[in-house]
Amino acid sequence: MEKSTLVEFESKCVQEEPPRCRAACPLHLDGRALCEAAAKGRFDEGRKIIQKTLPLPGILARICDAPCRDACLRQEKGGALELGALERFCADEGPFRRPRILVPKTGRTAAVLGGGISSLTAALDGAGKGYSVTVFRAETGGRELLSLSSLLTEDVVREELEWMEKLGVLFLPWDASVSPEGLAERFDAVYAGLDDPLCRSFPELLGREDPVSLETAVPGVFAGGNTPSFIFRAAAGRRGMKSVERFLQGASLTSSREKEGPYETRLFTNIEGIDPAPPVPVPPRGYSGDEAVREAGRCLLCECMECVKSCAFLQHYKGYPKKFAREIYNNLSVIQGTRLANGMINSCTLCGQCERVCPGGFSMRDLCRTARQEMVLQQKMPPSAHEFALEDMAFSNSPGASLLRHEPGHGGSAFLFFPGCRLAGISPRTTESVYAHLRKVLDGGVGFWLRCCGAPARWAGRRKELEAAGKELLDQWRSMGSPLVIAACTSCLEVFRKELPEVRAVSLWTVLREKGVPETVPAPSAPAALHDPCTAAELPEVRAAVRDLVARTGRRAEELPLSGELTSCCGFGGLQECANPGLAAKTARERCGQSSSDFLVYCAMCRDLFARTGKRTVHLLDLFFPPPGGAGADLPPVSWSDQRENRTALVRNMRKSLWKEEEEMEEEEGTLSLVMDEGTEKTLESRRILAGTVRQVIWHGEASGRKIARPDGTFITCLKPAAVTYWVVYRPREDGLFEVLNGWSHRMEVKGTEEGAP
Amino acid sequence: MKELVKSFEKYGEYRCASCGCPLELRKTDITYLGSVFSVDLPVCPSCGMAFVPEELATGKMLEVEKILEDK
């Protein structure tokens, strides 16, 4: 990934933008961090935050006029935070313990005119930059500071001035001989604080300073701070000393200074659903500790996190897109070492919800897909991540599990029904029923096309495999006379639209809306929550058709909090279920938890993942083509093994019943009959060991005699059909069946386990 | 790991079905993504057929596979 791509991604995420209070403060005090500390009663931490940002913290924290109030988002929910009063409480509650940092002297000299807040800030900052700073001020300077506010005491002012002296700032009395021009000759640069009336007596300083650099008509002399606001006076001093630094370095006095003063932040914070709360009134003596804690507790702790709020994946990896973008960029740049973000990259559902809820349109989908493609190209994609799905894709396109035919009795096809792997595997019954219905309502021949659309390769970042699948799809489609494809699955439709725009494809749901559905007898039932699959988020016509069809069933459908274009993935998308099954289960559970009603879905995979969590979920097709003797919501989830066997059985049955084709002889291993208890079945399913694989392993063990005999009469054998070695524990029964007792697998290659070894 | 290998001694009760020999612990080469390890595994002393116990495949071996895949 190019650095510029990272920067482009990063720029879209606003989570790291400063909160409004900090952006509005001319010195950028982090009010959010201050409130967070104060709300926990951590006022020592609050003081650290103050002294890190504010010069003269003992003075400014007590008299800050808090311009942040006008920017505070709490204004809209009860009233702005009393940040000034919180600063004051922090200052009153304990001493500022400033670490004395020794700064190497640069040999440069700076003169500061005046004894006000602006001048003292400039002097402090100058000392911090390593300049020898001399302050020329009236001998009554300390008393004038005291007079700024009744909240300041002699002790506070003395402490601040003594601190400055400790830092090496030299205070000299002002006399008639002092003039800006004269000082400019004796010192490398000069700053004059115009909040001091003495400085305002020089007409050459007043009203002529550049607003950005504060440069005056006298070269090397900067002036500012002529404002009633104490905090803006300090900000002018800071700005002036920054100009002095640039002036001494010969750098531009004005470039890139937009964010020095107050500015508007890009941070977005959603305040929907937040209860209004009025500010805790500030008594004349200031807040008590309890009042300060309560007031700080009103802070909204502004942050965006819009995408994270509704995404189990983003929550799981504890961060936000900008952070993830950096981690992914670093991950792709690793030459030697551990690629820590592999798991994260492969766990995104690629559903695109984040980019639709994000105020800046950040797309984790684009980021993760780009990263996956790059990992594949770099040959750094963990082999285990998507192998199961890619093998399933290969299986779906194998002769026994795929089918392409014109409608029986037709020489051509005006339409081509594309049920997709998941519907065919999970519900072969409805696949056949829908095909029969389409043949009834459509003229011109409806062909049948069962195979994989290529979505797994697309999700896995395997462009080469996707392109190969695309070519095969195009060839097959053209061989049928380029008919209109009717896709039952929105993921297939997405692949057709995005990768094979030449293929004319529509959704089954829009066809059913137009051509009609079988009459259903509306059963009295509670309303169901309608869940849109993530790949329907960008297909408004499909979502509209589904809602129309649902209305025809007489069943009331509720909209989930995030539905339509903002819908959430079930956990299957992007191969999350393949790369991170635990997280996929969590994704499904969280979605199901958004409504206590039964779910109504129109994607077979959503139906299955939700059913696995125990959620009563009905597929819309089961309302039009009800299962015999029960309701769609009661159907059990279908294991990976059964999905494969259902697909081959579907192909076999349809060839026989519709096209009257003779069944070819099965491979002998396919005829081996297995029995296993529910626990073993669950273990094998969770380890992704398919019944077909178990048959293959036992078949080879029995045929070759390469097996291990256990004292209890059972056997263990293994086989490595491709990358993975599978082990099966079994018992041959007298009735000819094989009782499967356990199974496991590994990817490491072990000498002595390979076929034919040693 | 040593304890795990020690526990493999119990597989001495298992026999190679074709040779009839009880399995014995032998140093066996294991490879993955270019890395090679040598581990004591129950092996048929006659034909060399090796056995990978469930606890190794689903435990330590899986752990190492994941580490190597992220390298």
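Bear in mind that the values here come from a model prediction, so they are computed numbers and not experimental data. (Residues numbered from 1 in each chain as written. Chains lettered and ligands numbered in written order. Predicted model: local features only at pLDDT ≥ 70, side-chain atom pairs only at ≥ 80, totals over all residues. Heavy atoms only, no water.)

Visitor: Hey, could you run me through the interface of chain A and chain B in this one?
Guide: Interfaces are often sized by the amount of accessible area the parts lose when they come together. Listed per partner, the contact involves 31 residues of chain A and 32 residues of chain B. Overall, the association of chain A and chain B removes approximately 2700 Å² of surface from exposure, summing both partners, and the carbon and sulfur fraction of that is 59%. Its largest share of buried area at the contact with chain B, chain A owes to Ile-708, Trp-744 and Met-748 of chain A, together 23% of the area lost on that side. Remark: the boundary between chain A and chain B carries two salt bridges. For Arg-687 of chain A, the salt bridge goes to Glu-54 of chain B, with nearest N and O atoms at 2.9 Å. At the junction of chain A and chain B, the tally comes to 16 residue pairs in polar contact (both at pLDDT 80 or more). Among the secondary structure elements, those contributing two or more residues to the side of chain A that touches chain B are strand 16 (708-709), strand 17 (715-719), strand 19 (738-746) and strand 20 (749-750) of chain A. The dominant element in the side of chain A that touches chain B, judged by the number of residues it contributes, is strand 19 of chain A, at four residues. Tallied by class, the residues present in the side of chain A that touches chain B amount to twelve nonpolar, ten polar and nine charged. Sheet topology note: the strand 16 of chain A/strand 1 (residues 15-16) of chain B ladder contains two bridges and is antiparallel. Along strand 1 of chain B, the bridge assignment pairs Ile-708 of chain A with Cys-16 of chain B. (Contact = heavy atoms within 4.5 Å. Buried area = accessible area lost by both parts, 1.4 Å probe. Salt bridge = Lys/Arg side-chain N within 4 Å of Asp/Glu carboxyl O. Polar contact = N/O pair within 3.5 Å; in protein donor to acceptor, adjacent residues only side chain to side chain. Helix = DSSP H or I, 4+ residues; strand = E, 2+ residues; numbered from the N terminus. Nonpolar A, V, L, I, M, F, W, Y, C, P; charged D, E, K, R; others polar. Pairing = 2+ DSSP bridges.)

Visitor: Would you take a moment to explain unusual backbone geometry for this structure?
Guide: Residues other than glycine predominantly adopt negative phi, and peptide bonds predominantly adopt the trans conformation. Residue and element names in this part refer to chain A. Despite not being glycine, Leu-350 has its phi angle at roughly 55°, a positive value. Given the relative accessible area of 6%, Leu-350 is considered buried. Its identity as a non-glycine residue notwithstanding, Lys-660 has a phi of 50°, on the positive side. Relative to the helices and strands, Lys-660 resides in the loop between helix 31 (640-657) and strand 15 (674-675). (Buried < 20%, exposed > 50% of the residue type's maximum accessible area, 1.4 Å probe, protein only.)

Visitor: I'm lost on the side chain of Gln-353 of chain A in this one. Help?
Guide: Residues and elements named next belong to chain A. Mapping Gln-353 onto the fold places it in helix 17 (residues 353-357). Residue Gln-353 is classed as buried on the basis of its relative accessible area of 3%. Of the polar contacts made by the side chain of Gln-353, one reaches the backbone oxygen of Leu-566; its length is 2.9 Å. For Gln-353, the contacting residues outside a window of four places in its chain are Ser-310, Cys-311, Leu-562, Leu-566, Thr-567 and Ser-568.

Visitor: Even after reading the chapter, I still don't get the sheet that holds strand 10 (residues 505-507) of chain A, so can you show me in this structure?
Guide: Across a sheet, strands are paired by hydrogen bonds formed along the backbone, either parallel or antiparallel in direction. All names here are of chain A. An order of 6-8-7-9-10 is seen for the five strands of this open sheet, with the pairing classed as mixed. The sheet terminates laterally at strand 6 (403-405) and strand 10, the two strands that pair on one side only. Adjacent strand axes in the sheet meet at a mean angle of 25°, parallel and antiparallel pairs treated alike. Note: strand 6 against strand 8 (residues 446-450), three bridges, orientation antiparallel. Across the sheet, residue Leu-404 finds its bridge partner in strand 8, namely Trp-449. The sheet contacts of helix 21 (residues 428-441) involve strand 7 (415-418), strand 8 and strand 9 (484-487), and relative to strand 8 the element is tilted by about 155°. (Axes fitted to C-alpha atoms, helices over the stretch in contact; angles between N-to-C directions.)

Visitor: So what exactly am I meant to see when it comes to the packing of aromatic side chains here?
Guide: Working definition: an aromatic ring pair is given by the centre-to-centre distance plus the angle between the planes. Within the structure shown, the criterion is met by 27 aromatic pairs over all chains. A centroid spacing of 6.0 Å and a plane angle of 80° characterise the contact between Trp-459 of chain A and Phe-572 of chain A, whose relative ring orientation is edge-to-face. Separated by 113 residues along the polypeptide, Trp-459 of chain A in helix 22 (residues 455-460) and Phe-572 of chain A in the loop between strand 12 (557-559) and helix 27 (576-579) bring together distant segments of the chain. The class for Trp-459 of chain A is buried, based on a relative accessible area of 6%. By relative accessible area, Phe-572 of chain A is classed as buried at 11%. Measuring from centroid to centroid gives 5.2 Å for Tyr-11 of chain B and Phe-51 of chain B, while their planes differ by 80°, and the two rings are edge-to-face. With Tyr-11 of chain B in the loop between helix 1 (2-7) and strand 1 and Phe-51 of chain B in the loop between strand 3 (35-43) and helix 2 (54-57), this pair connects stretches of sequence that are 40 residues apart. The residues Tyr-11 of chain B and Phe-51 of chain B share a single accessibility class, namely buried. Among the aromatic residues, ring-to-ring pairing joins Trp-727 and Trp-744 of chain A together with Phe-8, Tyr-11, Tyr-14 and Phe-51 of chain B into one connected group. Directly above the aromatic system of Tyr-435 of chain A lies the positively charged group of Arg-439 of chain A, at a separation of 4.5 Å from the ring centroid. The lysine or arginine in question, Arg-644 of chain A, covers the ring of Phe-395 of chain A, its NZ or CZ lying 4.7 Å from the ring centre. (Phe/Tyr/Trp six-rings, centres within 6.5 Å; stacked < 30°, edge-to-face > 60°. Lys NZ or Arg CZ within 6 Å of the ring centre and 35° of its normal.)

Visitor: I keep staring at the state of the cysteines and nothing clicks. Help me out?
Guide: Put plainly, a disulfide is one covalent bond tying together the sulfur atoms of two cysteines. Summed over all chains, the structure comprises zero disulfides over all chains. Cys-307 of chain A carries a free sulfur, and the closest cysteine sulfur to it, the one in Cys-354 of chain A, is 6.0 Å from it. (Disulfide = S-S within 2.5 Å.)

Visitor: Explain the sheet that holds strand 12 of chain A here, please?
Guide: All names here are of chain A. With parallel pairing, four strands are arranged side by side in an open sheet as 12-11-13-14. Unpaired on one side and paired on the other, strand 12 and strand 14 (617-619) mark the two borders of the sheet. Each strand of the sheet is rotated relative to its neighbour by a mean of 40°, with strand direction disregarded. Examined bridge by bridge, strand 11 (residues 528-531) and strand 13 (residues 599-601) share three bridges and lie parallel to one another. Bridge assignment links Leu-530 to a residue of strand 13, and that residue is Leu-600. Helix 29 (residues 604-612) rests against strand 11, strand 13 and strand 14 of the sheet, and its axis sits at about 160° to strand 14.

Visitor: Is there a simple way to explain the pairing of strand 19 of chain A in this structure?
Guide: Within a regular strand, the side chains alternate between the two sheet faces. Residues and elements named next belong to chain A. Bridging between strand 15 and strand 19 involves two bridges; their strand directions are parallel. Looking at strand 19, one finds that Val-675 is bridged to Glu-739. Two strands pair when backbone bridges link them, and strand 18 (residues 725-732) and strand 19 are joined in this way by eight bridges, in the antiparallel orientation. Across the sheet, the residue bridging to Val-729 is Asn-742, located in strand 19. Once strand 18 ends, the chain turns through five residues before running back antiparallel as strand 19, passing Gly-736 with a positive phi of about 90°.

Visitor: Please explain helix 18 (residues 364-377) of chain A as it appears in this structure.
Guide: In an α-helix, one full turn covers 3.6 residues, which means residues spaced three or four apart are oriented alike. Residues and elements named next belong to chain A. Under the 1.5 Å per step criterion, the end-to-end length of helix 18 is 20 Å for 14 residues, consistent within 8% with the ideal 20 Å. For helix 18, the complete set of buried residues consists of Met-364, Arg-365, Leu-367, Cys-368, Arg-369, Ala-371, Arg-372, Glu-374, Met-375 and Val-376. Backbone geometry just downstream of helix 18 places Gln-379 in the positive-phi region, at approximately 60°. (Expected span 1.5 Å × (residues − 1).)

Visitor: Would you explain the pattern of salt bridges in this entry?
Guide: It is possible for side chains bearing opposite charge to pair when their charged atoms get close. Summed over the entire model, instances satisfying the criterion amount to 65 salt bridges over all chains. A salt bridge links Glu-69 of chain B to Arg-747 of chain A; the shortest N-O distance between them is 3.5 Å. Of this pair, Glu-69 of chain B sits in helix 3 (residues 60-69) while Arg-747 of chain A sits in the loop between strand 19 and strand 20, on two different chains. Residues joined by salt bridges that share partners form a network here, namely Glu-355, Arg-356, Arg-365, Arg-458, Arg-463, Glu-467, Glu-494, Lys-498, Glu-499 and Glu-538 of chain A.

Visitor: I would appreciate a short explanation of the pairing of strand 5 (residues 221-224) of chain A in the present structure.
Guide: Residue and element names in this part refer to chain A. By the alternation rule, side chains of strand 5 split into Val-221 and Ala-223 and Phe-222 and Gly-224, which are all buried. As defined by bridge partners, strand 4 (residues 189-193) adjoins strand 5 across four bridges and the pair is classed as parallel. Bridge assignment links Ala-192 to a residue of strand 5, and that residue is Ala-223.

Visitor: Looking at this structure, how should I read the nonpolar core?
Guide: As a rule of thumb, soluble globular proteins bury nonpolar side chains together. All names here are of chain A. If you look at the biggest cluster of nonpolar residues, it comprises 120 residues, and the most contacted ones within it are Met-364, Phe-417, Leu-438, Phe-496, Trp-509 and Leu-620. Counting residues per element, this core draws most heavily on helix 18, which supplies six residues. Every residue in contact with Phe-417, bar those within four places of it in the chain, is listed here: Thr-431, Val-434, Tyr-435, Leu-438, Val-446, Gly-447, Phe-448, Trp-449, Ile-486, Ala-488 and Leu-508. (Core = buried A, V, L, I, M, F, W, Y, C linked by side-chain atoms within 4.5 Å.)

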